[in-house]
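# Coordinates in review
Chain by chain, the residues:
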Amino acid sequence: PNWLYYNTEREDEAVVSTQSTGDMISSERSIDNDPLVGKRKVWTLTLVLAILCAIVGSSLQFGFQTGCMANTQTLLNDKFNVSNVTMSTMVSGMAMGGLVGGLSAGLIADRVGRKMCMALNNIPMLIGTALMALSFNEYFFIFGRIIAGFAVGVASGIAPMYISEISPVSVKGGVGVSHQFMITLGILIAFVLSIKDVLPADPDKAWTWHLYFAFPVLPALFQLLILPFCPESPNWLYYNREREDLARLSLTKLRDSRETAEEEMEAMIKERTTGKETVMVTYGQFLTNPTLRLSLLIGVVLQCAQQLSGINAILNYAPAIFKDAGESNADLAPISVGAIFNLMTFVS
């Protein structure tokens with residue numbers, strides 16, 4: 001309904017869509033007088049800077065940590081001389097920490113705020129990065145991988161949350177995709193920086209892998225330097241802290257227009273007021289309401305299809321897969337996977 005209403009201005013179809021899910025659009029709103037629809041200034045320097053701060057410092061980290069093990073397993077095995085089980089643990093350490101981090105992201109962000117959550121999340125990211133880059137045995141590396149994985153899990157929740165809450169309604173969809181695009185870019189960077197010409201396995205140049213695993217320090221420093229200049233999420237300030245004055249100030253900085261900020265603030269106040277009178281959808285209705293059940297099924301199947309397709313195994317073991325398939329330059333082959341990732345994310 002949001003896309004129908006804000007992007008295509010088909011209010012009648014949006015109403016039908018919301019009614020079918022047991023929700024409603026206020027009859028007082030119309031396309032003609034809605035302050036959030038029209039020829040408004042959408043992109044401002046503050047908004048762009050805040051989005052870049054979130055996706056470079058969080059989403060890019062996610063992507064790099066996902067792709068950094070593909071071409072480095074042989075090098076690490078030569079360094080630590082580990083078994084296949086131990087190497088598998090080194091690879092999956094990120095997922096172990098990510099599970100806990102992903103479940104914690106919402107709780108932390110609601111408690112301390114979106115900005116503070118991103119700032120604090122650099123602590124486990126830098127600790128995990130240091131342990132991996134400076135590790136002298138496989139156990140330190142695994143421990144660092146798990147800690148960095150926790151940070152990745154938090155980043156996967158806080159980055160899209162923040163950029164969605166600070167963006168105008170008309171561009172929320174496109175801005176939301178930037179999170180996934182930066183993840184795929186991080187994967188591609190990890191693949192490119194780990195090819196033999198850049199990261200040789202020569203024993204005389206064995207120190208290069210330390211620099212490679214230290215790469216996440218760069219986006220972390222970028223985020224820490226830029227974050228103080230970014231406004232806090234107006235949604236968190238208003239809905240979680242009940243600070244209307246600070247939310248209005250944040251919107252003014254993001255929109256670079258006091259008039260636009262005031263209009264969006266009034267819309268948030270009206271939404272909160274009418275929301276108290278709206279009947280919320282229960283968990284049971286997701287199973288009993290045909291439309292809700294279909295939406296839930298589509299979402300679950302899409303997530304299952306993504307994971308069960310085996311894409312994570314391909315990302316982590318692409319060189320071995322391509323080598324077994326007869327590819328002579330197996331370390332270069334993953335770059336094609338990363339490039340297609342980027343292309344299809346851009347198309348979406």
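Refer to the preceding data block for the structure.
Quick look at the structure, then. Note that this is a predicted model, so its numbers are computed, not measured. The residue numbering used here restarts from 1 in each chain and proceeds along that chain's sequence as written. Local features in this predicted model are restricted to residues whose pLDDT is 70 or higher, and side-chain atom pairs enter the listing and the counts only when it is 80 or higher, whereas totals over whole chains, interfaces and linings include all residues. The side-chain figures draw on all heavy atoms in the structure; neither hydrogens nor water molecules are used.

### With respect to the layout of surface pockets
Which parts of space are left empty comes out when a probe the size of a water molecule is rolled across the atoms. Looking at the second largest pocket, its volume works out to about 940 Å³. Elements with a minimum of two residues in the lining of the second largest pocket: α3 (45-67), α5 (84-112), α7 (138-166), α8 (172-193), α15 (290-308), α16 (311-324) and α17 (333-347). Per-class residue counts for the lining of the second largest pocket are 15 nonpolar, 15 polar and one charged. Only protein atoms enter the 1 Å grid used here, on which a cavity is any set of points holding a 1.4 Å probe that cannot leave and a pocket is any open set flanked by protein within 12 Å on both sides along at least five of seven lines; residues with an atom within 4 Å of a point are listed as lining. Grid points are joined across faces, edges and corners, and a volume is the space filled by probe spheres set on the points. Put simply, DSSP H or I for four residues or longer makes a helix, DSSP E for two residues or longer makes a strand, and each gets a number counted from the N terminus. Under the convention adopted here, Pro, Cys and the residues Ala, Val, Leu, Ile, Met, Phe, Trp and Tyr are nonpolar, Asp, Glu, Lys and Arg are charged, and Gly plus all remaining residues are polar.

### Remarks on the packing of α3 against helix α10 (residues 217-226)
Axes here refer to lines fitted to C-alpha atoms; in helices the fit is confined to the stretch in contact. Angles between the N-to-C directions go from 0 to 180 degrees. Axis separation between α3 and α10 bottoms out at 9 Å; the angle between their running directions is 150°. By the angle between their directions, the pair α3 and α10 is classed as roughly antiparallel. Crossing hand, α3 versus α10: left-handed. In this structure, α3 uses Leu 49, Leu 52, Cys 53, Ala 54, Val 56, Gly 57, Ser 58, Leu 60 and Gln 61 to contact α10, whose residues at the interface are Pro 219, Ala 220, Phe 222, Gln 223 and Ile 226. Partitioned by chemical class, the residues of the contact of α3 with α10 number 10 nonpolar, four polar and no charged. Throughout, the term roughly parallel applies to angles under 35 degrees, roughly antiparallel to angles over 145, roughly perpendicular to angles from 65 to 115, and oblique to all others. When the near helix sits turned anticlockwise from the far one by under a right angle, the crossing is termed left-handed; a clockwise turn instead gives a right-handed crossing. Throughout, a contact is declared for two residues whenever any of their heavy atoms are within 4.5 Å.

### Side note on the pattern of salt bridges
The rule for a salt bridge is simple: a side-chain nitrogen of Lys or Arg has to be within 4 Å of a carboxyl oxygen of Asp or Glu. Scanning the entire structure with this criterion turns up seven salt bridges. Notably, a salt bridge pairs Arg 248 with Glu 262, separated by 2.8 Å at the nearest N-O pair. Taken together, the positions of Arg 248 in helix α12 (residues 244-255) and Glu 262 in helix α13 (residues 258-275) put the pair 14 residues apart, joining distant regions of the chain. Buried, partly exposed and exposed residues are distinguished by accessible area as a fraction of the type maximum, computed with a 1.4 Å probe on protein chains only: under 20%, between the cut-offs, and over 50%, respectively. For Arg 248, a relative accessible area of 24% corresponds to the partly exposed category. Among the charged side chains, a network of salt bridges with common partners joins Asp 110, Arg 114 and Glu 165.

### Regarding the environment of Arg 272
Relative to the assigned elements, Arg 272 resides in helix α13. The sequence separation of Arg 272 and Tyr 238 amounts to 34 residues, and the corresponding C-alpha distance is 9.7 Å. Contact partners of Arg 272, with chain neighbours within four places excluded, come to Tyr 238, Tyr 239 and Glu 242.

### Regarding the packing of aromatic side chains
The aromatic pairing rule takes the rings of Phe, Tyr and Trp, using the six-membered ring of Trp, and pairs them if the centres are within 6.5 Å, calling planes under 30 degrees apart stacked, those over 60 edge-to-face and the rest tilted. This model, assessed by the stated rule, comprises eight aromatic pairs. Ring geometry for Phe 64 against Tyr 212: centres 5.3 Å apart, planes inclined by 50°, an arrangement best described as tilted. In this pair, Phe 64 sits in helix α3 while Tyr 212 sits in helix α9 (residues 208-213), placing the two residues 148 residues apart along the sequence. Tyr 212 carries the same exposure label as Phe 64, and that label is buried. Ring geometry for Phe 80 versus Trp 209: centroids 6.0 Å apart, planes at 85°, classification edge-to-face. Of this pair, Phe 80 sits in helix α4 (residues 73-80) while Trp 209 sits in helix α9, placing them 129 residues apart in sequence. Exposure class is identical for Phe 80 and Trp 209. Each is buried. Through a chain of ring-to-ring contacts, the aromatic side chains of Phe 64, Phe 80, Phe 141, Trp 209, Tyr 212, Phe 213 and Phe 215 assemble into a single cluster.

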